[in-house]
Amino acid sequence: MKRSSERGSAMLVAMILMAALLAGAAVLVSLQLGSNRNTELTKTGISALYCAEAGLTATRQTVAQNSDTWGTYLGLPKTLSTSEPAWLANISHDVDGDTSNDPDWRVTLEDNNDEIPASGENPNADVDSRIYIVSQCLRYPDMPREVRELITFTTVTHCYSAQKGGCGGNGNMNSAP
């Protein structure tokens, strides 16, 4: 019996093609996984930003109403147990409606460091009635987000048209008693 002169070159070509196809498929899967990971990070980052904004929105009015005690909470270390003002304890810190007791955000107060130079920059004292409300999202520890808002406390007074001092624009510039 005579032996065939073919020595498996077709098999070699087929194996090279299969290896190239498998390598191409591996590259495509890797690119897709990377794209999915980037998409998830972007989604988590946006959710964390919204979480921090929710904390700011939920506490803004309460912080303004407690302006007389701002100095007590300025410059505290940012640990969960000591940084948040006590009067924020009654506000729900839950954004997603889960049943866990872990808060989704934390709000701290910081001085704006914009006092008159003669007063000396003291991060524990507010001189100009302007502070930052800082809201941090705790729900996504891998993607921390923080939102700051500068607020100013001003006393609201009601001005009547015949009030002493001409507050109503009637030119009545009588001195206050």
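Residues numbered from 1 in each chain as written. Predicted model: local features only at pLDDT ≥ 70, side-chain atom pairs only at ≥ 80, totals over all residues. Heavy atoms only, no water.

1. Digging into the overall build of the protein
So, step 1. Within the protein, the secondary structure is distributed over two helices and three strands.
So, step 2. Burial analysis of the protein (177 residues in total) assigns 25% to the buried set.
So, step 3. About 12500 Å² of surface is accessible on the protein, with carbon and sulfur atoms providing 58% of the total. (Helix = DSSP H or I, 4+ residues; strand = E, 2+ residues; numbered from the N terminus. Buried < 20%, exposed > 50% of the residue type's maximum accessible area, 1.4 Å probe, protein only. Areas by Shrake-Rupley, 256 points an atom, 1.4 Å probe, with all protein chains shown as cover.)

2. Quick notes on the packing of aromatic side chains
So, step 1. Summed over the entire model, instances satisfying the criterion amount to one aromatic pair.
So, step 2. Judged by centre distance (5.7 Å) and plane angle (85°), the ring pair of Tyr-73 and Trp-87 falls under edge-to-face. With a gap of 14 residues between them, Tyr-73 in helix 2 (residues 70–73) and Trp-87 in the loop between helix 2 and strand 1 (105–111) connect regions that are remote in the sequence. In terms of burial, Tyr-73 and Trp-87 fall into one category: buried. (Phe/Tyr/Trp six-rings, centres within 6.5 Å; stacked < 30°, edge-to-face > 60°.)

3. Details of the pattern of salt bridges
So, step 1. This model, assessed by the stated rule, comprises three salt bridges.
So, step 2. One salt bridge in this structure joins Arg-60 and Glu-149, with 2.7 Å as the shortest N-O distance. Residue Arg-60 is found in helix 1 (residues 9–65), and its partner Glu-149 is found in strand 3 (residues 146–152); the two are separated by 89 residues along the sequence.
So, step 3. Among the salt bridges present, the one from Arg-148 reaches Glu-146, with a minimum N-O distance of 3.2 Å.
So, step 4. Residue classification places Arg-148 among the partly exposed positions, given a relative accessible area of 41%.
So, step 5. For Glu-146, a relative accessible area of 36% translates into the label partly exposed. (Salt bridge = Lys/Arg side-chain N within 4 Å of Asp/Glu carboxyl O.)

4. So, the sheet that holds strand 1
So, step 1. The antiparallel open sheet is built from three strands, whose spatial order is 1-2-3. With partners counted over all chains shown, the strands left at the sheet margins are strand 1 and strand 3, one partner each. The sheet shows a mean angle of 25° between the axes of neighbouring strands, taken without regard to direction.
So, step 2. Here helix 1 sits on the sheet in contact with strand 1, strand 2 (130–137) and strand 3, set at roughly 140° to strand 2. (Pairing = 2+ DSSP bridges. Axes fitted to C-alpha atoms, helices over the stretch in contact; angles between N-to-C directions. Contact = heavy atoms within 4.5 Å.)

5. Some points on the pairing of strand 1
So, step 1. The buried fraction of strand 1 amounts to seven of the seven residues, a majority that puts the element mostly inside the structure.
So, step 2. Burial along strand 1 is two-sided: the face carrying Trp-105, Val-107, Leu-109 and Asp-111 and the face carrying Arg-106, Thr-108 and Glu-110 are both buried.

6. Section: the nonpolar core
Soluble globular proteins: nonpolar side chains tend toward being buried together.
So, step 1. Counting 21 residues, the largest nonpolar core has Val-63, Trp-70, Trp-87, Leu-109, Ile-131 and Ile-133 as the members making the most contacts within it.
So, step 2. For this core, the secondary-structure elements that each account for two or more residues are helix 1, helix 2, strand 1, strand 2 and strand 3.
So, step 3. Considering every element that reaches this core, the biggest residue donor is helix 1, with five residues.
So, step 4. When sequence neighbours within four positions are dropped, the list of residues in contact with Ile-131 reads Val-63, Trp-70, Leu-74, Leu-109, Glu-110, Asn-112, Asp-126, Glu-149, Leu-150 and Ile-151. (Core = buried A, V, L, I, M, F, W, Y, C linked by side-chain atoms within 4.5 Å.)

7. Digging into the confidence of the model for the protein
So, step 1. Taken as a whole, the protein shows an average pLDDT of 78; of its residues, 71% reach a score of 70 or greater.
So, step 2. Here helix 2 stands out as the element of the protein with the lowest mean pLDDT, 79, in contrast to helix 1, whose mean of 91 is the highest. (pLDDT = per-residue confidence, 0-100.)

8. Describing helix 1
So, step 1. In this model, helix 1 (57 residues) spans 85 Å end to end at C-alpha, consistent with the 84 Å of a helix rising 1.5 Å per residue.
So, step 2. The sharpest bend along helix 1 comes to roughly 45°, located at Thr-59.
So, step 3. Those residues of helix 1 that are buried are in contact with helix 2, strand 1, strand 2 and strand 3. (Expected span 1.5 Å × (residues − 1). Bend = angle between axes of the 7 residues up to and from the residue.)

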